[in-house]
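Read off the chains here:
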Amino acid sequence: QVQLVESGGGLVQAGGSLRLSCAVSGRFSSYAMGWFRQAPGKEREFVAAISYNAGRTYYADSMKGRFTISRDNAKNTVYLQMNSLKAEDTAVYYCATKTRPGGAVPTNYEYWGQGTQVTVSS
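Here goes a summary of the coordinates provided.

Conventions used here
- Residues numbered from 1 in each chain as written.
- Predicted model: local features only at pLDDT ≥ 70, side-chain atom pairs only at ≥ 80, totals over all residues.
- Heavy atoms only, no water.
- Pairing = 2+ DSSP bridges.
- Helix = DSSP H or I, 4+ residues; strand = E, 2+ residues; numbered from the N terminus.
- Axes fitted to C-alpha atoms, helices over the stretch in contact; angles between N-to-C directions.
- Phe/Tyr/Trp six-rings, centres within 6.5 Å; stacked < 30°, edge-to-face > 60°.
- Buried < 20%, exposed > 50% of the residue type's maximum accessible area, 1.4 Å probe, protein only.
- Lys NZ or Arg CZ within 6 Å of the ring centre and 35° of its normal.
- Disulfide = S-S within 2.5 Å.

1. Describing the sheet that holds strand S8 (residues 77-82)
Stage number 1. Read from one edge of the open sheet, four strands run S1-S3-S8-S7, paired in antiparallel fashion. Single-partner strands in this sheet number two, and they are strand S1 (3-7) and strand S7 (67-72). Averaged over all neighbouring strand pairs, the angle between strand axes comes to 15 degrees, with direction disregarded.
Stage number 2. As defined by bridge partners, strand S3 (residues 18-25) adjoins S8 across six bridges and the pair is classed as antiparallel. Note on S8: the bridge partner recorded for Cys-22 is Val-78.

2. Examining the packing of aromatic side chains
Stage number 1. Summed over the entire model, instances satisfying the criterion amount to five aromatic pairs.
Stage number 2. The interplanar angle of 85 degrees and the centroid separation of 4.9 Å between the aromatic rings of Phe-36 and Tyr-109 together place this pair among those described as edge-to-face. On the criterion of sequence distance, the pair formed by Phe-36 in strand S4 (residues 32-38) and Tyr-109 in strand S10 (residues 109-112) is long-range, its members being 73 residues apart. Neither residue differs from the other here; Phe-36 and Tyr-109 are each classed as buried.
Stage number 3. Relative to Trp-112, the ring of Tyr-109 lies with its centre 6.1 Å away and its plane at 55 degrees, an arrangement referred to as tilted.
Stage number 4. Taking NZ or CZ as reference, Arg-19 lies 3.9 Å from the ring centre of Tyr-79, over its face.

3. A look at the state of the cysteines
Stage number 1. Summed over all chains, the structure comprises one disulfide.
Stage number 2. With a sulfur-sulfur separation of 1.9 Å, Cys-22 is cross-linked through a disulfide to Cys-95. Across the S-S bond of Cys-22 and Cys-95 the torsion is about 55 degrees, and the bridge reads as right-handed. Placement of the pair is Cys-22 in strand S3 and Cys-95 in strand S9 (residues 91-98), with a sequence separation of 73 residues.
Stage number 3. On the accessibility criterion, Cys-22 (0% relative accessible area) is buried.

All we've got here are geometric facts, nothing functional implied.
Below is the structure:
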């Protein structure tokens, strides 16, 4: 059983930064990982993904240049550094383990964390 626990969310002013962490139990180093977010009344949205060895990263267009995904396989943790935050980045952020091809599709991810709230005030 794989368990994921996100942390690092909170309230930040527009233009600020946050670093989210996702601690994973189980076979972490064999999984590609992804971050998604979901705002109230909206569908879950792809944010970023990273290959199992951190050799490749992928981002949604609106996050490129502002967000950085990384991982530390020794710590079983994946990170999301978020800079230049905007009010529209407000959402619950989830990490997930990717088990099928297609990094931007939520159904290609098997295990999910409970989410961490990010609120950006304008």
